[in-house]
Amino acid sequence: AAQLQALLMRGDREGACRSAMEHGLWAPALLLSSYMNLETYTQVMGQFARQTFAVGSPLRTIYMLFAGQGPSLFNPSEVEAVVDGWQQNLSVIVANRTPSDNAVLELLGDALWQLRGQVAAAHLCYLLAGLLPESPSGAAGDA
């Protein structure tokens, strides 16, 4: 905290934010980044979510959406865990709408269809995203 204070007393918000992140002081890091710029704030929020919440958890999902990084939930290293808890992840997305959540709902639907063959669950995601149900994006052999 002393280093954070010294950096802020010099007016070095960026340094203070970086120091707070390095020491796991997420409340100060998030507050400072909110007074810097949107790009910094979303980077801090994304790093907070990745370091604080388990892969596939609804909290990680919603905080990644708050950070504008929802599509990263569908990276190969995370998608299985997101799909494993798809009902909880879907619930947290729908209960806390964000500007990019329709794209994430579509990705969740695609993952459910492609990885698990859960067509009805995929259609639910597509409908909640405002889309008409159809085969997954870019799937071979579409009917």
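The preceding data block contains the structure.
Residues numbered from 1 in each chain as written. Predicted model: local features only at pLDDT ≥ 70, side-chain atom pairs only at ≥ 80, totals over all residues. Heavy atoms only, no water.

(A) Region of interest: the nonpolar core. Grouped together as the largest cluster of nonpolar side chains are 23 residues, with contacts concentrated most on Phe74, Trp86, Leu90, Ile93, Leu108 and Leu112. Residue assignment for this core shows that the elements contributing at least two residues are helix H5 (58-66), helix H6 (79-84), helix H7 (86-95), helix H8 (101-116) and helix H9 (119-128). Ranked by residue count, the leading element in this core is H8, at five residues. Beyond its immediate chain neighbours, meaning those up to four positions away, Phe74 contacts Val79, Val82, Val104, Leu107, Leu108 and Ala111. Core analysis: the next-biggest nonpolar cluster, separate from the first, contains 15 residues, Ala20, Val44, Met45 and Ala67 among them. (Core = buried A, V, L, I, M, F, W, Y, C linked by side-chain atoms within 4.5 Å. Buried < 20%, exposed > 50% of the residue type's maximum accessible area, 1.4 Å probe, protein only. Helix = DSSP H or I, 4+ residues; strand = E, 2+ residues; numbered from the N terminus. Contact = heavy atoms within 4.5 Å.)

(B) Focus on helix H3 (residues 26-34). Residues of H3 that are buried: Trp26, Ala29, Leu30, Leu32 and Ser33. Looking down the long axis of H3, one finds its buried residues gathered within 165° of arc, a one-sided arrangement. Of the exposed residues in H3, the ones pointing more than 90 degrees away from its buried face are Ala27 and Leu31. Those residues of H3 that are buried are in contact with helix H1 (2-9), helix H2 (13-22) and helix H4 (38-52). (Arc of directions from axis to C-beta.)

(C) Summary view of the packing of H5 against H7. Closest axis-to-axis distance for the H5/H7 pair is 9 Å, and the angle between their directions is 35°. The two elements H5 and H7 cross, and the hand of that crossing is right-handed. Seen from H5, the contacting residues are Pro58, Thr61, Ile62 and Leu65; seen from H7, they are Gln88, Asn89, Val92 and Ile93. (Axes fitted to C-alpha atoms, helices over the stretch in contact; angles between N-to-C directions. Left-handed = near helix turned anticlockwise from the far one by under 90°.)

(D) Broad picture of the packing of H3 against H4. Taken N-terminus to C-terminus, the directions of H3 and H4 make an angle of 160°; their axes are 8 Å apart at the nearest point. Between H3 and H4, the angle is such that the two are roughly antiparallel. In this structure, H3 crosses over H4, and the sense of that crossing is left-handed. Taken together, the residues of H4 that come into contact with H3 (itself represented by Trp26, Ala29, Leu30, Ser33 and Ser34) are Thr40, Tyr41, Val44, Met45, Gln47, Phe48, Gln51 and Thr52. Broken down by class, the residue content of the contact of H3 with H4 amounts to seven nonpolar, six polar and no charged. (Parallel < 35°, antiparallel > 145°, perpendicular 65-115°, else oblique. Nonpolar A, V, L, I, M, F, W, Y, C, P; charged D, E, K, R; others polar.)

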